[in-house]
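Chain by chain, the residues run as shown.
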Amino acid sequence: MKTPFIKTPLKVTLDRGVRKGMAQRMIGPLDWIGWPALWVLAGTILLATPMKIFGLYLPEPVLPLALAFSWPLIRPSYIAPLVLALMGAFLDYFWGAPLGFWTLSLMIVYGVTFLLRGYIVGQDMMVITALYGSAVIGFFVLNTLLATIDSGMVPRLISVFEQALATFAAVFLVLWLLETFVHADVRFQ
């Protein structure tokens, strides 16, 4: 019969096996900010290609919204809002919006999520999904109001709804980011 104690010449310790703490590996800012930002920008460019599948064009979700929602939950940092602002400026130029349109909207979502971070972290997957859905709704209501003020005309609401639905489908990206990085050690290496 194996005893749980290991006898060594200097001390007696309890054999608990390999200790696994909460953080299982060190993650740098390139892992949880840089690579997801590049993936999102590549996905934005890929989904903006004028290609028809089954007679329908590809959806054009606002994929950086998933990062604006998940980054303050993973770890508040100074780098994430800067990268988010650069992605918003890219979207402004890429989609032909007024300069600062997407940047302002993404920063508002980031700020609200940052303020509510203490209530959101640790919640169930369904609660996070519902909160992301409310962030998508608030984001598109804000963008519709800003676009109406800028152009003087209301955008086509069916198209706004379709884009919001496609953006909500990025909830899987949010859940993957949170599952992968929320318990990781995201200190700078």
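Residues numbered from 1 in each chain as written. Predicted model: local features only at pLDDT ≥ 70, side-chain atom pairs only at ≥ 80, totals over all residues. Heavy atoms only, no water.

There is a patch of nonpolar side chains on the surface, built from Leu-104, Ile-108, Val-112, Phe-114, Leu-115, Leu-116 and Tyr-119 and spanning about 710 Å² of accessible area. Looking at the nonpolar patch element by element, the count peaks at 5 residues for helix 4 (residues 101-115). A residue is classified by how much of its surface remains accessible, and Leu-115, at 67% relative accessible area, is exposed. (Patch = residues over 30% accessible without salt bridge, like charges linked within 9 Å, V, L, I, M, F, W, Y side chains within 5 Å. Areas by Shrake-Rupley, 256 points an atom, 1.4 Å probe, with all protein chains shown as cover. Salt bridge = Lys/Arg side-chain N within 4 Å of Asp/Glu carboxyl O. Helix = DSSP H or I, 4+ residues; strand = E, 2+ residues; numbered from the N terminus. Buried < 20%, exposed > 50% of the residue type's maximum accessible area, 1.4 Å probe, protein only.)

Turning next to the environment of Asn-143. Structurally, the position occupied by Asn-143 is in helix 6 (residues 125-151). Asn-143 sits in the buried class, given a relative accessible area of 4%. A C-alpha to C-alpha distance of 6.9 Å links Asn-143 and Ser-105, two positions 38 residues apart in sequence. Apart from the residues within four sequence positions on either side, Asn-143 is in contact with Phe-101, Trp-102 and Ser-105. (Contact = heavy atoms within 4.5 Å.)

On to the nonpolar core. Nonpolar side chains tend to gather and get buried jointly when the protein is soluble and globular. Leu-65, Trp-71, Tyr-132 and Phe-139 are the most contacted members of the largest nonpolar core, which has 42 residues in total. For this core, the secondary structure elements donating two or more residues are helix 1 (29-47), helix 2 (64-74), helix 3 (79-95), helix 4, helix 6, helix 7 (157-168) and helix 8 (171-181). Here this core takes 8 residues from helix 2, the largest share from any one element. Dropping the residues within four chain positions of it, Tyr-132 is found in contact with Leu-65, Ala-66, Phe-69, Thr-167, Phe-168, Ala-170, Val-171 and Val-174. (Core = buried A, V, L, I, M, F, W, Y, C linked by side-chain atoms within 4.5 Å.)

Let us now look at the packing of helix 2 against helix 4. Contact geometry of helix 2 with helix 4 gives a least axis separation of 8 Å together with a crossing angle of 25°. When the interaxial angle is binned, helix 2 and helix 4 end up roughly parallel. In this structure, helix 2 crosses over helix 4, and the sense of that crossing is right-handed. Touching Pro-64, Leu-65, Ala-68, Phe-69, Trp-71, Pro-72 and Leu-73 of helix 2 are Leu-106, Val-109, Tyr-110, Thr-113 and Phe-114, all from helix 4. Considering only residue class, the contact of helix 2 with helix 4 consists of 11 nonpolar, 1 polar and no charged. (Axes fitted to C-alpha atoms, helices over the stretch in contact; angles between N-to-C directions. Parallel < 35°, antiparallel > 145°, perpendicular 65-115°, else oblique. Left-handed = near helix turned anticlockwise from the far one by under 90°. Nonpolar A, V, L, I, M, F, W, Y, C, P; charged D, E, K, R; others polar.)

In this model, Phe-54 sits at a positive phi of 55°, which is unusual for a non-glycine residue. Relative to the helices and strands, Phe-54 resides in the loop between strand 3 (52-53) and strand 4 (56-57).

The tally for this structure, following the rule as stated, stands at 10 aromatic pairs. Considering the side-chain rings of Trp-95 and Trp-102, the 5.3 Å spacing of their centres and the 65° angle between planes classify their relative orientation as edge-to-face. Overall, the relative accessible area of 8% leaves Trp-102 in the buried class. Connected via pairs of aromatic rings, a cluster forms that spans Phe-90, Phe-94, Trp-95, Phe-101, Trp-102, Phe-139 and Phe-140. (Phe/Tyr/Trp six-rings, centres within 6.5 Å; stacked < 30°, edge-to-face > 60°.)

A few words now on the UniProt feature "transmembrane region" (unreviewed entry) in the chain. Using the residue numbers shown here, the UniProt feature "transmembrane region" (unreviewed entry) corresponds to residues 32-58, 78-95, 102-120, 126-146 and 158-178. When the span residues 126-146 is considered, its composition is 100% helix and 0% strand, and the gap between its end C-alpha atoms is 30 Å. (UniProt positions renumbered as here; feature names shortened; annotations may be inferred.)

Residues lying three or four places apart along an α-helix face the same way, a consequence of the helix completing one turn every 3.6 residues. In this model, helix 6 (27 residues) spans 38 Å end to end at C-alpha, consistent with the 39 Å of a helix rising 1.5 Å per residue. The set of residues buried in helix 6 consists of Ile-128, Thr-129, Tyr-132, Gly-133, Ala-135, Val-136, Phe-139, Phe-140, Asn-143 and Thr-144. Of the surrounding secondary structure, the elements contacted by the buried residues of helix 6 are helix 2, helix 4, helix 5 (117-120), helix 7 and helix 8. Looking one or two residues past helix 6, Gly-152 carries a phi angle of roughly 85°, positive in sign. (Expected span 1.5 Å × (residues − 1).)

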